[in-house]
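Understanding the architecture of this molecule
Residue strings, one per chain:
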Amino acid sequence: MGILVSTGRGGVGKTSFIALALKYLRDGKRPSDAEHPQDAKRILAVDADPDQSLAMMLGVDLEKEGVRTVSEIIFDVRDAAVDESVGKAIPARPDQIEFLFHQGGLYEGPGFDFFALGAKWTAGCYCLPNHWLKALMEKISPHYDFTLIDSPAGLEHLNRRITTQVESIFAILDGTKKSFANISRSKRLIGAIGIHTENFYIVANHIFPQGTEPAAEMLPEGTKFLGSVFRDEEVARRTIEGESLLDLPEDSPAYVSATKVLKKAGYQK
Ligand SMILES: Nc1ncnc2c1ncn2[C@@H]1O[C@H](COP(=O)(O)OP(=O)(O)OP(=O)(O)O)[C@@H](O)[C@H]1O
Ligand SMILES: [Mg+2]
């Protein structure tokens, strides 16, 4: 049931952190049976970034799999590009969207399910796709032990409030003044707009000087520094090649350091 969200400035490592967390949690122990419904699956991964890079870092090719993004489904319905039989059987558009999502909007992968907001190929805001992202997530995330959400850069995704009850926010820090300022603003913003999170964690990225910690006075109150994800040439290479991070070797520096960070946050394997 726990919802984990990444946040931070552009390019700090939000998506790679979510991919590493998925690799770690996927193979871990389930919560106690009492908390764990019989039919629960382990992990739902959600790409809330219209630029969609999480799929690649998880080795998922939605197009090849024939899986539609939320935005694509909405526009299929709007443009009456859905199967005639669906249109006839389900007259209301919102019901069509939900039906089509369950039919072909959720990728079922090895040990995790995945869906993506996707890009919107028309002018205007992401209000409608976001509304649906939130609605669909609220509906299906209770069926999973963990929901991992990869966010776009900056603060706007927080304003969109795609989820309001979060277990842990992981704010990724690169050590620049801008990145500290981003974390302070994010912390303030979630309070102001009513996003409730049990934990607001700060994680240093691969650029942050290894083995050092940010000065406590640089971090907003109510946050906890967990440690660093170390630089790893294999992560850099796989990003360039568009390869999955899920089958990184167990001794990969990024994976080992990310597992330490997650353990410190109380996520046990
Ligand atoms: N531990 C690491 N070692 C080496 N390179 C890394 C590491 N983590 C991330 N990177 C590299 O940093 C770049 C940005 O990473 P990533 O895509 O995870 O960031 P992001 O915050 O999600 O970016 P965006 O804001 O564009 O969504 C990528 O090229 C990635 O390979
Ligand atoms: Mg990203």
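Refer to the structure printed above.
A short tour of the structure in this document, coming up. Since we're looking at a predicted model, the values are computed, not measured.

The next subject is the state of the cysteines. The final tally for this structure, using the stated rule, is 1 disulfide. Each sulfur of the disulfide joining Cys 125 and Cys 127 lies 2.1 Å from the other. Where Cys 125 bonds to Cys 127 through sulfur, the torsion about that S-S bond is close to -130°, and the disulfide is left-handed. Judged by relative accessible area, which is 43%, Cys 125 ranks as partly exposed.

The geometry of helix 4 (residues 70-78) relative to helix 6 (residues 93-104) is characterised by a closest axis approach of 9 Å and an angle of 135° between their N-to-C directions. Of the possible angle classes, the one that applies to helix 4 and helix 6 is oblique. Relative to helix 6, helix 4 is oriented so that their crossing is right-handed. Note on element contacts: helix 6 touches helix 4 through Arg 93, Gln 96, Ile 97, Leu 100 and Phe 101, opposite Ile 73, Ile 74, Val 77 and Arg 78. A per-class count over the contact of helix 4 with helix 6 returns 6 nonpolar, 1 polar and 2 charged.

Our focus in this paragraph is the pairing of strand 7 (residues 196-204). A regular strand places its side chains on the two faces of the sheet in alternate fashion. Pairing of strand 6 (residues 165-173) with strand 7 involves 8 bridges; the strand directions are parallel. Following the sheet pairing, Ser 168 is matched in strand 7 by Asn 199. Read as a crossover between parallel neighbours, the route from strand 6 over helix 9 (residues 177-193) to strand 7 is right-handed. Note: strand 7 against strand 8 (residues 224-228), 4 bridges, orientation parallel. Pairing of Val 203 across the sheet is with Gly 227, part of strand 8.

Along the polypeptide, Ser 151 turns up in the loop between strand 5 (144-150) and helix 8 (156-159). If sequence neighbours within four positions are ignored, Ser 151 has contacts with Val 5, Ser 6, Lys 14, Asp 49 and His 157.

Cut-offs applied
Residues numbered from 1 in each chain as written. Chains lettered and ligands numbered in written order. Predicted model: local features only at pLDDT ≥ 70, side-chain atom pairs only at ≥ 80, totals over all residues. Heavy atoms only, no water. Disulfide = S-S within 2.5 Å. Buried < 20%, exposed > 50% of the residue type's maximum accessible area, 1.4 Å probe, protein only. Axes fitted to C-alpha atoms, helices over the stretch in contact; angles between N-to-C directions. Helix = DSSP H or I, 4+ residues; strand = E, 2+ residues; numbered from the N terminus. Parallel < 35°, antiparallel > 145°, perpendicular 65-115°, else oblique. Left-handed = near helix turned anticlockwise from the far one by under 90°. Contact = heavy atoms within 4.5 Å. Nonpolar A, V, L, I, M, F, W, Y, C, P; charged D, E, K, R; others polar. Pairing = 2+ DSSP bridges. Right-handed = clockwise from strand over helix to strand, strands pointing away.

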